Amino acid sequence: MSTTNHIDPKSVPEHIAIIMDGNGRWAQSHGQDRLFGHTKGVDAVRETLRAAVDVKVKYLTLYAFSTENWNRPKEEVEGLMNLLVMSLANELDELNENGVRLQAIGNIKGLPEYCQESLREAIDQTKNNTNITLVLALNYSSKWEIREMVKNISSKVQEKTVSIDSIDDELISNELTTKGIPDPELLIRTSGEHRVSNFLLWQIAYTEFYFLDIYWPEFGKKQLNEAIYNYQNRERRFGLVSSQIKGE
Ligand code: FPP
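What counts, and at which threshold
Position numbers for residues count from 1 along each chain, tracking the sequence in the order it is written. The predicted nature of this model means local features are confined to residues of pLDDT at least 70 and side-chain atom pairs, given and counted, to a pLDDT of 80 or more, with totals for whole chains, interfaces and linings taken over all residues. As a convention, hydrogens and water are excluded, and side-chain values are obtained from all of the structure's heavy atoms. The term salt bridge refers to a side-chain nitrogen of Lys or Arg lying within 4 Å of a carboxyl oxygen of Asp or Glu. Helix and strand definitions here come from DSSP, where helices need a minimum of 4 consecutive H or I residues and strands a minimum of 2 consecutive E residues; each element is numbered from the N-terminal end. Buried, partly exposed and exposed residues are distinguished by accessible area as a fraction of the type maximum, computed with a 1.4 Å probe on protein chains only: under 20%, between the cut-offs, and over 50%, respectively. When DSSP finds at least two bridges between two strands, those strands are taken to pair. Think of it this way: one heavy atom of a residue within 4 Å of a molecule or strand is enough to make that residue near it. Nitrogen and oxygen atoms within 3.5 Å of one another constitute a polar contact, given that in protein one can donate a hydrogen and the other can accept it, and given that sequence-neighbouring residues count only through two side-chain atoms. For the area figures, the Shrake-Rupley method with a 1.4 Å probe applies, and any residue is considered shielded solely by the protein chains shown. The nonpolar class holds Ala, Val, Leu, Ile, Met, Phe, Trp, Tyr, Cys and Pro. Asp, Glu, Lys and Arg form the charged class, and all remaining residues, Gly among them, are polar. Think of each axis as a best-fit line through the C-alpha atoms, taken over the contacting stretch in the case of a helix, with angles from 0 to 180 degrees between the N-to-C directions.

1. A look at the pattern of salt bridges
Considering all chains together, one arrives at 19 salt bridges under this definition. The partner of Arg25 in a salt bridge is Glu193, and the shortest N-O contact between them spans 3.2 Å. One end of the pair, Arg25, is in helix 1 (residues 23-29); the other, Glu193, is in the loop between strand 5 (186-189) and strand 6 (208-211), and 168 residues separate them in sequence. Classification of Arg25 as partly exposed rests on a relative accessible area of 29%. Arg50 is paired through a salt bridge with Glu94; the nearest N and O atoms lie 2.6 Å apart. Residue Arg50 is located in helix 2 (residues 34-54), and its partner Glu94 is located in helix 3 (residues 74-97); the two are separated by 44 residues in the primary sequence. Three or more residues joined by partner-sharing salt bridges are found here, namely Asp21, Arg25, Arg189, Glu193 and Arg195.

Encoded structure:
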């Protein structure tokens, strides 16, 4: 079934976040090495991004490298860093053609200098695009981000530039690496795992979750549209009762 025609253009999530999981297992199931799976993962990113632009999603956040991923074998970590740099270079023209603005969240300073350099370049060269913002979570961990936020706010309290009473949700959100990015309405995870894995813990307080059994390289336009369609048929109550939402 094609769901594109069924999607209500008025209630497409403004922000979709994705935990792209299963590249390694997909590769293994095809008798290939893990890096081949990540390369196929980039193809899935391209198709998903195009589909997101088509239905006018405004922010797409992808969990591309977690702080925990440093513990993988050295060749895989290096392979992923090289893939990132190569992909940024190869895709830059298409990002610009599709009006994609690139942003990165996470501990970017902890990435190898050559990755930081190519990220800076791609972010700078796409900064005026307005169709969609592609947010790459790189060297990202939500607990790291929350820890940094606590440290920053504590310093400001100590310096007396922030009073304890003025600490509210907005002040906290503005100290996270996602500052200025609305919270995601929808979080998708592939590969049959039902975990959040240290991703956007503050930002997903009211996010709808959508889990699929397929591996990330198998994800694309059809699956994104089905996820949006599924989301649109849920009732988001934000702690209220159903009749309050429907205005009865
Ligand atoms: C999860 O599969 C995927 C990753 C840790 C990396 C995701 C990276 C890409 C899709 C490529 C680079 C991205 C960009 C945006 C250029 P896994 O390796 O955890 O799979 P497994 O759980 O089956 O081992």
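Having seen the model, we can carry on.
2. Overview of the pairing of strand 6
Here strand 6 shows one buried face, formed by Glu208 and Tyr210, and one open face, formed by Phe209 and Phe211. Pairing analysis gives four bridges linking strand 5 to strand 6, with the strands arranged parallel. Following the sheet pairing, Arg189 is matched in strand 6 by Phe211.

3. Looking at the site of the ligand
Near the ligand lie 16 residues; those nearest to it are Met20, Gly24, Arg25, Arg34 and Arg72. Within the backbone of Arg25, an N or O atom sits 2.7 Å from an oxygen atom of the ligand. One of the side-chain nitrogen or oxygen atoms of Arg34 is found 2.9 Å away from an oxygen atom of the ligand. Bound to the protein, the ligand loses 90% of the 620 Å² it would expose on its own. For the shell around the ligand, the secondary-structure elements that each account for two or more residues are helix 1, helix 2 and helix 3. For the shell around the ligand, the element with the most residues is helix 2, which contributes four residues. Of the residues that constitute the shell around the ligand, the class distribution is five nonpolar, seven polar and four charged.

4. Regarding the sheet that holds strand 5
Two modes of strand pairing occur in sheets, parallel and antiparallel, and in both the strands are linked by backbone hydrogen bonds. Here we have six strands laid out as an open sheet, ordered 3-4-2-1-5-6, and parallel in their pairing. Edge positions in the open sheet fall to strand 3 (100-105) and strand 6, since each of these has one partner strand only. In this sheet, neighbouring strand axes are inclined to one another by 20° on average, regardless of whether the strands run parallel or antiparallel. As paired elements, strand 1 (residues 15-19) and strand 2 (residues 59-66) share four bridges and run parallel to each other. Residue pairing in the sheet places Ile18 in a bridge with Leu62 of strand 2.

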